[in-house]
Amino acid sequence: MSLYSFGLDPVSCHAWNKDRTQIAISPNTTEVHIYQKSGKEWTKIHELTQHSGRITGIDWAPISNRIVTCASDRNAYVWTLKDRVWKPTLVLLRINRAATCVKWSPLENKFALGSGARIISVCYFEKENDWWLSKHIKKPIRSTVLSLDWHPNNILLAAGSSDFQCRVFSGYIKDIEEKPGPTAWGSKMPFGEMLLEQGDDGGWVHSVCFSPSGNSLAWVSHSSTICVTDAANKKTVTQLKTEYLPLLAVLYLNETEIVAAGHDCCPYQFSYTGPGSLKYIGKIDLPKQNSKVNMSAMQHFRNLDKRATTENENTDLETLHQNSISQLCIVEGDRSKVTKFSSVGLDGDMVVWDFKH
């Protein structure tokens, strides 16, 4: 595993390019910073500065090399690289509240965007008018959409929201794609059709993730629970109440292994082998070795700057991250066998974790 620091500002979201040599992050501001890896260091090479509100979501399409960003200014932009400059294209979202999350579909012909307007916008490119249009999924969402994930078939879309519900909708757009075949989630899939609605026991649904096959769906909520629903087994829901602080992000590492992280500042591994068998495996973290050293003059002034104290009191946590983990992303391997994944947190750090199957 390796740790990189992007400064003192919280990293609210991040996305990787195809070969993982560049990373786009938002330091919790109106800007997106793109870093290039050179040796063991990360060098800033671009700044995307079109938004006027705080960036809430970034996703980087690996094949078409396009970046989509959304922010609290109620806008989304699709960025394309032309002559080494990222050019933005405004998306017609038609929302009156902040955008909260964004995700490219697997085939990269559309993307989904969640917002505080209780709407999911499924956006696609219309060649005739040369712009990005959106279609809205409204019912029965009753509060802010906090997280999204696409099914591998490019049609189904999972959404978690602050009305304590996790839902699966059809994101089929007949103008740009062929009629989908039946899945374990259902066979009738007109746009906006709801195929699943599962309530939690009283917590905002912070993150959702489909399994590599698309037959199961995991989500984590603010009530410190992780849930998995299995479409192949009558959409049976298995819930595990953890003893930890709330989890904010969830990711499948293969068909049975799940990793989740949040306010406890370290990733936890879970295993799901079928209805009723969701188990906690353990932490994926190495405790820090706290050794007392003589404080240098540089450390003296750094403490004065960061903590307003000259004392070398060790207030560090025993985890690599020193604040909540906000997002998890795949770094190496495909969805069916992830060997490396990354986490970013409110401490301004990014950690790349190794995972042995």
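No experiment lies behind these values; they were computed from the predicted model shown.

## Some remarks on the overall build of the chain
And then number 1: Secondary structure assignment for the chain yields one helix and 28 strands.
And then number 2: What you see for the chain is a C-alpha radius of gyration of 20 Å, in line with the 21 Å of a compact globule of 357 residues.
And then number 3: Once the C-alpha set of the chain is aligned to its principal axes, its extents read approximately 70 × 50 × 35 Å.
And then number 4: The buried share among the 357 residues of the chain stands at 52%.

## So, the nonpolar core
And then number 1: Within the largest apolar cluster, 30 residues are counted, with the highest numbers of intra-cluster contacts made by Val 250, Leu 251, Ile 258, Phe 270, Leu 328 and Phe 341.
And then number 2: Looking at this core, the elements that each hand over two or more residues are strand S19 (216–221), strand S20 (225–230), strand S22 (247–252), strand S23 (257–262), strand S24 (268–272), strand S26 (325–332) and strand S28 (349–354).
And then number 3: Here this core takes five residues from S22, the largest share from any one element.

## Focus: unusual backbone geometry
And then number 1: Note that the residue after Lys 139, namely Pro 140, is joined by a cis bond; omega there is 0 degrees.
And then number 2: Position of Pro 140 among the secondary structure elements: in the loop between strand S13 (131–137) and strand S14 (145–150).
And then number 3: If you check the backbone angles, Asn 65 has positive phi at about 55 degrees while not being a glycine.
And then number 4: Within the element layout of this structure, Asn 65 appears in the loop between strand S6 (55–60) and strand S7 (67–71).
And then number 5: Even without glycine at this site, Arg 74 takes up a positive phi of about 70 degrees.
And then number 6: Along the chain, the position of Arg 74 falls in the loop between S7 and strand S8 (76–82).

Cut-off values and rules
Residues numbered from 1 in each chain as written. Predicted model: local features only at pLDDT ≥ 70, side-chain atom pairs only at ≥ 80, totals over all residues. Heavy atoms only, no water. Helix = DSSP H or I, 4+ residues; strand = E, 2+ residues; numbered from the N terminus. Rg over C-alpha atoms; globule rule 2.2 N^0.38 Å. Buried < 20%, exposed > 50% of the residue type's maximum accessible area, 1.4 Å probe, protein only. Core = buried A, V, L, I, M, F, W, Y, C linked by side-chain atoms within 4.5 Å.

Everything listed is a geometric property; what it means functionally is a separate question.
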